[in-house]
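Breakdown of the fold
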Amino acid sequence: MHILLVEDDRDLANTLAEILEKKGYSTTVCYNYLQAYHELEHSFDCFLLDQILPDGNGLELCRLIRERSTSPILIISSDTTESSILKGYALKADDYIEKPFRLNVFLAKLESVLRRSGKLSSEITVDEFCLSTELKTLFVHDQSIGLTLTESIILESLFRSYPHVCSRQQIIHNIFDKTSNITSASTLNVRLSELRKKLGTYASHLEAIHNSGLRWKK
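This write-up is about the structure you can find in this document.

Rules and cut-offs
Residues numbered from 1 in each chain as written. Predicted model: local features only at pLDDT ≥ 70, side-chain atom pairs only at ≥ 80, totals over all residues. Heavy atoms only, no water. Helix = DSSP H or I, 4+ residues; strand = E, 2+ residues; numbered from the N terminus. Contact = heavy atoms within 4.5 Å. Core = buried A, V, L, I, M, F, W, Y, C linked by side-chain atoms within 4.5 Å. Buried < 20%, exposed > 50% of the residue type's maximum accessible area, 1.4 Å probe, protein only. Pairing = 2+ DSSP bridges. Axes fitted to C-alpha atoms, helices over the stretch in contact; angles between N-to-C directions. Salt bridge = Lys/Arg side-chain N within 4 Å of Asp/Glu carboxyl O. Phe/Tyr/Trp six-rings, centres within 6.5 Å; stacked < 30°, edge-to-face > 60°.

1. Quick word on the environment of Ile171
In this fold, Ile171 is placed in helix α7 (residues 168–179). Residues Ile171 and Glu18, spaced 153 residues apart in sequence, show a C-alpha to C-alpha distance of 15 Å. If we skip the residues at most four places from it in the chain, Ile171 touches Ile154, Ser157, Leu158, Cys166, Leu188 and Leu214.

This is how it looks when you write it as structure tokens:
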């Protein structure tokens, strides 16, 4: 799950990015309109846009995004006037978060729009592979590969980060977040080895990136 976060307050932007990454999201952070504009050529699963930027307006970014993407957009702004909020919705933003906001409310709104858009479905599809986190099963062509809970979490981490790299630390955090089990780096290596054996001829899709992490590749 890749999120574009546009926020000119660097402390707030970096704090939100850190929290989002701990929750399993991959983030690209931009601090101004121009940086964000150049990122629009890439694909994102969600957009978090500050409305008031030093060199432009987040609502204009919202308009440009809607011309090319149906992914959910949340406007984040200290401008709480009715006209600004209504303009955001008129530009087909999915929700509006007023500053200052409570972190739990922010995360709840984010998960709500992702769920409504189908981004948090229990089934995640990457190319010909479909992972059911509910059934803990990977489907490919006419095959089904049963997974342990940990294996399912590993693949979910990679699928939600696809095509980007997911750090080993993030995977370990995701395992702890969903199982409360502390996983060491060596234990993760064992689980990855077991998963590769289970994937068989599809194991080549699970790629280790030196000093970076893991990713699912075509």
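2. Looking at the nonpolar core
In terms of nonpolar packing, the biggest core is built from 25 residues, with Leu138, Phe159, Leu199 and Trp216 touching the most fellow members. Looking at this core, the elements with two or more residues in it are β8 (123–126), β9 (129–132), β10 (137–140), α6 (149–161), α7, α8 (185–199) and β13 (213–216). Of the residues forming this core, the biggest block, 5 residues, is contributed by α6. Once residues within four sequence positions are removed from consideration, Leu199 is found in contact with Leu138, Ile145, Leu206 and Trp216. If you look at the next biggest cluster of nonpolar residues, it comprises 20 residues, including Leu49, Ile65, Ile73 and Ile85.

3. Re the sheet that holds strand β11 (residues 143–146)
The sheet built from 4 strands is open, its strands ordered β8-β9-β10-β11 with antiparallel pairing. Two strands in the sheet have a free side with no partner beyond their single neighbour: β8 and β11. Strand after strand, the sheet turns through a mean of 20° between neighbouring axes, direction not considered. Taken together, the 4 bridges between β10 and β11 define a ladder with antiparallel strand orientation. If you follow Val140 over to β11, its bridge partner there is Gln143. Against the sheet, α6 contacts β8, β9, β10 and β11, and its axis sits at roughly 130° relative to β9.

4. Regarding the pattern of salt bridges
Applying the stated criterion across every chain yields a total of 11 salt bridges. Taking the shortest distance from any N to any O, the salt bridge between Glu67 and Arg63 comes out at 2.6 Å. The class of Arg63 is partly exposed, set by a relative accessible area of 33%. A salt bridge links Glu156 to Arg160, with the nearest nitrogen and oxygen atoms 3.0 Å apart. Taken as a pair, Glu156 and Arg160 lie in helix α6 at a separation of 4 residues, close to a single helical turn. Across this residue pair, the class does not change: Glu156 and Arg160 are buried. The network of salt bridges with common partners includes Glu7, Asp50 and Lys99.

5. Looking at the packing of aromatic side chains
Per the stated rule, a full pass over the model turns up 6 aromatic pairs. Their ring planes at 65° and their centres at 5.7 Å tell us that Phe44 and Phe47 sit as a pair that is edge-to-face. What makes Phe44 buried here is its relative accessible area of 3%. Accessibility expressed as a relative area gives 3% for Phe47, which makes it buried. Seen in terms of ring centroids, Phe129 and Trp216 are 5.1 Å apart; in terms of plane orientation they differ by 85°. Their pairing is edge-to-face. One end of the pair, Phe129, is in strand β9; the other, Trp216, is in strand β13, with 87 residues separating them in the sequence. Under the relative-accessibility criterion, Trp216 is labelled buried at 2%. The structure contains a cluster of three or more aromatic residues connected by ring pairs, namely Phe129, Phe159, Tyr202 and Trp216.

6. A short note on the pairing of β8
Side chains Ile124 and Val126 project from β8 onto a buried face, and the interleaved Glu123 and Thr125 project onto a face without burial. Taken together, the 4 bridges between β8 and β9 define a ladder with antiparallel strand orientation. In the sheet register, Val126 faces β9, and the bridge partner there is Phe129. Hairpin geometry of β8 and β9 is characterised by an intervening segment of 2 residues between the two adjacent antiparallel strands and by a positive phi of about 55° at Asp127.

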